[in-house]
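Here is how the chains run, residue by residue.
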Amino acid sequence: ARARTLLCVPATARAPREMAAEVAAAAALGADLAELRLDRLAGFAPRRDLPALLAKPRTLPALVTYRPKWEGGEYEGDDEPRFEALQLAMELGAEYVDIELKVADKFIKFMSGKKPENCKLIVSSHNYDNTPSAEELASLLAQIQATGADIVKIATTATEIVDVSRMFQILVHCQVPIIGLVMNDRGFISRVLCPKFGGYLTFGSLEKGKESAPSQPTAADLINVYNIRQIGPDTKVFGIIGNPVGHSKSPILHNEAFRSVGLNAVYVPFLVDDLAKFLSTYSSPDFAGFSCTIPHKEAAVRCCDEVDPIARDIGAVNTIIRKPDGKLVGYNTDYVGAISAIEDGIRATQQTHSTVSPLAGRLFVVIGAGGAGKALAYGAKEKGARVVIANRTFARAQELGNLIGGPALTLTELENYHPEEGMILANTTAIGMHPNVNETPLSKQALKSYAVVFDAVYTPKETRLLREAAECGATVVSGLEMFIRQAMGQFEHFTGMPGC
Ligand code: SKM
């Protein structure tokens, strides 16, 4: 069995004293080692600065890197002084030294067999453009191994999330210790899931803003949100498929839920461009279930082998599970989550305890005709509401209107739409979602016509739409309520356990 994946925090400060403080902070966070990025130091003088940086006893083992500009670092000088600094770091007891593949042979010759035995040499290759083919990666791996590296490091760049699967293959099959990471937001899962595939280490930043590579998570998130210490070969993988997906709170919620029931599973964000390609690439039983958000909920209906009848009627899937026979089954937990949240929001303001839905007979305006819009329209109609669809693109509104048997409007028409009192409004578009928090789908003036306003957007918790609706005196229902309820439904599908 392989050793557990180590967590390495890069220390990137400009001054040696601050860098030492970063190492101490990394130790306090629970990191296993710290990477001293010597190329980051301003006015670095090896003989003056290294003895202090590597003085023993140290709070953490040190990985010493002196990255040249031509490999994405900041060192601009010749190889010789750089090699001398790395050699000195070894003599001072650095546990790991990183050298770039392009000069690895030259460095090893320079060392002429004087590498201390307890220092491990990492030979690294960084590709900031793309992730090569499986064959090219295998040949790169062989080339690095041929240098005599103790540890191989390959970092590439994802242009799409499926690139990461090739890196996972390399990790799984490699016979020597290997660090294999895929940079940028489409490669994010490589940083969380490498413990599952046997990666030697993963990097986690000390805090947001201190990343040493694109889309590096924080060490705190790796430990506390993703529970990387618990991830191993048998860990099941779940996640939220979306684009964008960075705003989603699903990873926080589902990882905490998995932890609370002691399930060997992890939940990650999947930034996906092409859903069908994603699902056919990550097709092993280990990828056990998915949440689906904008803009993939409708495509998900086509990508599943079986679709629950209600999800099929709605025309949108937000939950996918992989059955033991490998088949993908799609469900929709949005409509129950949203409709029950709106009903409870209204009931909380009423004295009656009627079992009839407070939506029955009401005029219910849905903004948006995508996956969430379809779920809300379906649910409201089921409860006896008269549903109206408003959408920026009128044709889409008409399509859903026809399906649901209700009129369609453009957003402009909605501005002056006030056929009766007591209307309910539900925004299902991403308008107003972080970072576009100043946007809103409908003017405050128009909001005066509504008794109840719901927003499926939950980042921020109080959107501009909800704030202005409250100012107009409407009962407001937060998207967070829907988010939590749809997630409870998903948890049941994912685990077979009750959601609360
Ligand atoms: O339907 C949900 C989805 O399951 C998860 C989600 C999220 O994580 O932001 C939002 C909704 O689309």
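Predicted, not measured: the structure shown is a model, and the values here were computed from it. As a convention, each chain's residues are numbered from 1 in the sequence order in which they are written. The predicted origin of the model limits local features to residues at a pLDDT of at least 70 and limits the giving and counting of side-chain atom pairs to 80 or more, whereas totals for whole chains, interfaces and linings rest on all residues. Excluded from the side-chain calculations are hydrogens and water; all other atoms, namely the structure's heavy atoms, are used.

Colleague: An account of the environment of Pro-217 is needed here, citing residue identities and associated values.
Modeller: Numbering of helices and strands runs from the N terminus, with a helix taken as a DSSP run of H or I at least four residues long and a strand as a DSSP run of E at least two residues long. Mapping Pro-217 onto the fold places it in the loop between strand E8 (201-203) and helix H8 (219-225). Classification of Pro-217 as buried rests on a relative accessible area of 6%. With 14 residues separating them along the chain, Pro-217 and Phe-203 place their C-alpha atoms 7.7 Å apart. With residues near it in sequence (within four places) discarded, Pro-217 still touches Phe-188, Arg-191, Phe-203, Gly-204, Ser-205 and Leu-222. Burial classes: relative accessible area under 20% of the type maximum marks a residue as buried, over 50% as exposed, and values in between as partly exposed (1.4 Å probe, protein chains only). For this analysis, residues touch if any pair of their heavy atoms sits within 4.5 Å.

Colleague: Describe the pattern of salt bridges, listing the residues and the values that go with them.
Modeller: Basic side-chain nitrogens of Lys or Arg form a salt bridge, by our definition, when they fall within 4 Å of a carboxyl oxygen of Asp or Glu. According to the stated counting rule, one finds 33 salt bridges in the structure shown. Here Arg-40 ties to Glu-74 by a salt bridge, and the two come within 2.8 Å at their closest N and O atoms. Separated by 34 residues along the polypeptide, Arg-40 in the loop between strand E2 (33-37) and helix H2 (46-53) and Glu-74 in the loop between strand E3 (62-65) and helix H3 (79-91) bring together distant segments of the chain. With a relative accessible area of 22%, Arg-40 lands in the partly exposed category. Of the residues examined, Glu-74 reaches a relative accessible area of 32% and is grouped as partly exposed. For the salt bridge of Arg-67 with Asp-98, the shortest nitrogen-to-oxygen distance reads 2.9 Å. With Arg-67 in the loop between E3 and H3 and Asp-98 in strand E4 (residues 96-100), this residue pair connects regions lying 31 residues apart in the sequence. The pair Arg-67 / Asp-98 is uniform in exposure class, with both members buried. Among the charged side chains, a salt-bridge network with shared partners connects Arg-67, Asp-79, Arg-82, Asp-98, Glu-100 and Lys-106.

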